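In case you want the letters, here they are:
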Amino acid sequence: MIYLQLFLSFLKIGLFSFGGGYAALPLIQGQVVTAHGWLSASEFTDLITISQMTPGPIAINGATFVGIKIAGLPGAFVATLGCITPSCIIVTLLAWLYMKYRNLSAMQLILTSLRPAVVAMIASAGITILTTAFWSSQGTVQLATTNWYLVGIFVICLILLQKYKLNPIWVMLLAGVMKLGLAILGIA
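The paragraphs below set out a description of the structure included in this document. (Residues numbered from 1 in each chain as written. Predicted model: local features only at pLDDT ≥ 70, side-chain atom pairs only at ≥ 80, totals over all residues. Heavy atoms only, no water.)

### Overview of the pattern of salt bridges
Pairing between side chains of opposite charge can happen when their charged atoms approach one another.
So, step 1. Across all of its chains, the model carries 1 salt bridge by this definition.
So, step 2. The salt bridge involving Glu43 is made with Lys69; its shortest N-O contact spans 3.7 Å. Taken as a pair, Glu43 in helix α3 (residues 41-53) and Lys69 in helix α4 (residues 58-101) lie far apart in primary sequence, 26 residues in all.
So, step 3. For Glu43, a relative accessible area of 29% gives the class partly exposed.
So, step 4. Taking the relative accessible area as the measure of exposure, Lys69 reaches 41% and is therefore partly exposed. (Salt bridge = Lys/Arg side-chain N within 4 Å of Asp/Glu carboxyl O. Helix = DSSP H or I, 4+ residues; strand = E, 2+ residues; numbered from the N terminus. Buried < 20%, exposed > 50% of the residue type's maximum accessible area, 1.4 Å probe, protein only.)

Right under this line is the structure:
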């Protein structure tokens, strides 16, 4: 039964996640945290971190991570298969349709109209990650409970990425070193 639940949950995620991994995060959170309770909000943040650090798409890495946690290696296989099945079918169909109708203005209109929804989904995922990181998983955003050390690390990383165009891998490593340093000092 758990294999069927994993497959169907990640089939939904694979079917409705347009716009890449970040856009899929609210859908993944809805399935694994809210609907089934397979992960806590804190574990979901860990899932995002692990999915970013490992090669491959976030949704696929997330499916594998959740599958292993819930049902071992077979669970990882089933969840990952559920996640990729819609993409394989949809991409094949869309490629055929695009090649056949690529010159129609209606096709360009459809693709353009999807952009705002994708941006909204990415923003929603970003806000969820931000609130979990700065105010833990309590769900209440209060100035008094803000983790200012993590806000500082965030600002430093944002500057390094935006102003200095530093490689994201180096920024992630630096953020890890900064957090480790704070933990060793007993600050955060």
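Once the structure has been displayed, the description carries forward.
### A closer look at the side chain of Gln31
So, step 1. Summarising the element assignment, Gln31 is placed in helix α2 (residues 21-35).
So, step 2. For Gln31, a relative accessible area of 14% translates into the label buried.
So, step 3. Only 3.1 Å separates the side chain of Gln31 from the side chain of Ser9, close enough to count as a polar contact.
So, step 4. If we skip the residues at most four places from it in the chain, Gln31 touches Ser9, Lys12, Ile13 and His36. (Polar contact = N/O pair within 3.5 Å; in protein donor to acceptor, adjacent residues only side chain to side chain. Contact = heavy atoms within 4.5 Å.)

### Remarks on the packing of helix α1 (residues 2-16) against α2
So, step 1. Running from N to C, α1 and α2 cross one another at 165°; their axes reach a closest spacing of 9 Å. By the angle between their directions, the pair α1 and α2 is classed as roughly antiparallel. Here the hand of the crossing between α1 and α2 comes out right-handed. Along its contact with α1, which presents Ser9, Phe10, Lys12, Ile13 and Phe16, the element α2 presents Leu27, Ile28, Gln31 and Val32.
So, step 2. Of the residues that constitute the contact of α1 with α2, the class distribution is 6 nonpolar, 2 polar and 1 charged. (Axes fitted to C-alpha atoms, helices over the stretch in contact; angles between N-to-C directions. Parallel < 35°, antiparallel > 145°, perpendicular 65-115°, else oblique. Left-handed = near helix turned anticlockwise from the far one by under 90°. Nonpolar A, V, L, I, M, F, W, Y, C, P; charged D, E, K, R; others polar.)

### A closer look at helix α6 (residues 148-162)
So, step 1. Helix length check: α6, at 15 residues, gives a terminal C-alpha distance of 21 Å against a target of 21 Å (1.5 Å per residue), a fit within 8%.
So, step 2. Within α6 the residues assigned to the buried category are Val151, Ile153, Cys157 and Leu160.
So, step 3. Contact partners of the buried residues in α6: α5 (105-135) and α7 (168-184). (Expected span 1.5 Å × (residues − 1).)

### Looking at the packing of α6 against α7
So, step 1. One way to put it is that α6 packs onto α7 with a least axis distance of 10 Å and a crossing angle of 160°. In terms of orientation, α6 and α7 fall into the roughly antiparallel class. Seen from above, α6 lies across α7 with right-handed handedness. Every residue of α7 that contacts α6 at Tyr149, Leu150, Ile153, Ile156, Cys157, Leu160 and Leu161 is listed here: Pro168, Val171, Leu174, Ala175, Met178, Lys179 and Leu182.

### What about unusual backbone geometry?
So, step 1. Unlike most non-glycine residues, Lys165 shows phi in positive territory, near 50°.
So, step 2. Tracing the backbone through its elements, the reader meets Lys165 in the loop between α6 and α7.

### Overview of the environment of Phe7
So, step 1. Examined against the element boundaries, Phe7 turns out to sit in helix α1.
So, step 2. The class of Phe7 is partly exposed, set by a relative accessible area of 24%.
So, step 3. Residues Phe7 and Leu27, spaced 20 residues apart in sequence, show a C-alpha to C-alpha distance of 14 Å.
So, step 4. Excluding residues that lie within four positions of it along the chain, Phe7 makes contacts with Val78, Leu81, Gly82 and Thr85.

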